[in-house]
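Close look at the chain arrangement
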Amino acid sequence: MLVFLMGVTGFAAVPGMITRVTDAAGGAALAASANVSASNVGNALGAWLGGLAITAGLGYTAPLYTGAALTLAALAVMVVAARRAVPSADRSGRGPVGRPGG
């Protein structure tokens, strides 16, 4: 059940990430490839760091803690990026969350 939930939440986040990247890039044609590239780098980095944790003698459960630390770091980056984002009004003059003025 947890693997199913992980897959659902992982795939549910992709459209929002691609939209954010393409909006930030002004709609550039290849902007969505940055999202895929970052995901691939994250996969490789996670596997490498998990392997380093095992090699360091921390045990076979160490990658779980490494993954949790990476997730917390990613969450911190996301919070900072969301707070620094400048809300842009769409054509209706409403902000990004549907409130007047943002």
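Residues numbered from 1 in each chain as written. Predicted model: local features only at pLDDT ≥ 70, side-chain atom pairs only at ≥ 80, totals over all residues. Heavy atoms only, no water.

With that settled, the discussion passes to the confidence of the model for the chain. Should the pLDDT be low somewhere, the predicted coordinates at that spot are not to be read in detail. A residue-level look at the chain finds 83% of positions with pLDDT of 70 or above and a mean pLDDT of 81. Here helix H1 (residues 2-24) stands out as the element of the chain with the lowest mean pLDDT, 83, in contrast to helix H2 (residues 32-55), whose mean of 90 is the highest. (pLDDT = per-residue confidence, 0-100. Helix = DSSP H or I, 4+ residues; strand = E, 2+ residues; numbered from the N terminus.)

Here H2 contains 24 residues, and its C-alpha end-to-end distance of 35 Å stays within 8% of the 34 Å for a straight helix at 1.5 Å per residue. Within H2, burial applies to Asn 35, Gly 50 and Ala 53. Where H2 is buried, its residues meet H1 and helix H3 (62-84). Once H2 finishes, Gly 57 follows within two positions and takes phi at roughly 85°, a positive value. (Expected span 1.5 Å × (residues − 1). Buried < 20%, exposed > 50% of the residue type's maximum accessible area, 1.4 Å probe, protein only. Contact = heavy atoms within 4.5 Å.)

Let us look at a nonpolar patch on the surface. Together, Met 1, Leu 2, Phe 4, Leu 5 and Val 8 line one region of the surface with nonpolar side chains, adding up to about 580 Å² of accessible area. Mapped onto the secondary structure, Leu 5 falls in helix H1. Its relative accessible area of 40% is what places Leu 5 among the partly exposed residues. (Patch = residues over 30% accessible without salt bridge, like charges linked within 9 Å, V, L, I, M, F, W, Y side chains within 5 Å. Areas by Shrake-Rupley, 256 points an atom, 1.4 Å probe, with all protein chains shown as cover. Salt bridge = Lys/Arg side-chain N within 4 Å of Asp/Glu carboxyl O.)

A few words on the packing of H2 against H3. Relative to each other, H2 and H3 sit at 140°, their axes nearing to 8 Å. Here H2 is positioned oblique relative to H3, judged by the angle of their axes. Where H2 crosses over H3, the handedness of that crossing is right-handed. Note on element contacts: H3 touches H2 through Ala 62, Pro 63, Thr 66 and Leu 70, opposite Gly 46, Leu 49, Gly 50, Ala 53 and Ile 54. (Axes fitted to C-alpha atoms, helices over the stretch in contact; angles between N-to-C directions. Parallel < 35°, antiparallel > 145°, perpendicular 65-115°, else oblique. Left-handed = near helix turned anticlockwise from the far one by under 90°.)

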